[in-house]
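These are the residues of each chain, in order.
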Amino acid sequence: MPVTGKFSKLFYDRLGEQVANELVDWLNQVDAAYRADLRELNELNFARFDAKLEQRIAELRAETREGFASLREHLAGQLAGLETKLERRLGEQSRWFIAAWAVLLAGVIGLWLKA
């Protein structure tokens, strides 16, 4: 959007209407050229920023996948150890339950035979 410069009446009187208008037109052309250059530079910078952002997002995704894979391995190892411990404890508990049942059964049979 070109900016129309407005100069003082004295400026127009000294240079003349045609020269002042030419100067305003030239300044508007320079402004338009600088705006176009700035727009192009901004677009290039944004494209470069977007490429870097995509690269960093890809790196972050790779690191996250790596971290989750490591976490899965660690949790799988912990779960295997927990399963082993649980099986051992359930085996011990079952032996104690059978022993308790045998003692109770012996007492019940003893009371039944005594009666």
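## Brief notes about the environment of I98
Consideration 1: The topology assignment puts I98 in helix α2 (residues 17–114).
Consideration 2: For the pair I98 and T64, spaced 34 residues apart in sequence, the C-alpha separation works out to 50 Å.

## Regarding the pattern of salt bridges
Consideration 1: Applying the stated criterion across every chain yields a total of three salt bridges.
Consideration 2: Across the pair D13 and K9 runs a salt bridge whose closest N-O atoms are separated by 3.4 Å. Placement of the pair is D13 and K9 together in helix α1 (residues 9–15), with a separation of four residues, close to one helical turn. In terms of burial, D13 and K9 fall into one category: exposed.
Consideration 3: A salt bridge links R35 to D31, with the nearest nitrogen and oxygen atoms 3.0 Å apart. Here R35 pairs with D31, and both are found in helix α2, just four residues apart, close to one helical turn.

## What about the packing of aromatic side chains?
Consideration 1: Per the stated rule, a full pass over the model turns up two aromatic pairs.
Consideration 2: With 6.4 Å between their ring centres and 40° between their planes, F46 and F49 make a pair best called tilted. Separated by three residues within a single helix, F46 and F49 lie in helix α2, roughly one turn from each other.

About the thresholds
The numbering scheme is per chain: residues are counted from 1 as the chain's sequence reads. In view of the model being predicted, local features appear only for residues whose pLDDT reaches at least 70, and side-chain atom pairs are presented and counted only at 80 or more, with totals across whole chains, interfaces and linings using the full set of residues. Remark: hydrogens and water are excluded; side-chain values derive from all non-hydrogen atoms of the structure. A run of H or I in DSSP becomes a helix once it reaches four residues, and a run of E becomes a strand once it reaches two; helices and strands are each numbered from the N terminus. Salt bridge, as applied in this entry: a Lys or Arg side-chain nitrogen positioned within 4 Å of an Asp or Glu carboxyl oxygen. Only protein chains enter the area calculation, which uses a 1.4 Å probe; residues under 20% of their type maximum are buried, those over 50% are exposed, and those in between are partly exposed. Pairing of aromatic rings covers Phe, Tyr and Trp, the last through its six-membered ring, and needs centres within 6.5 Å; plane angles under 30 degrees mean stacked, over 60 mean edge-to-face, and all others mean tilted.

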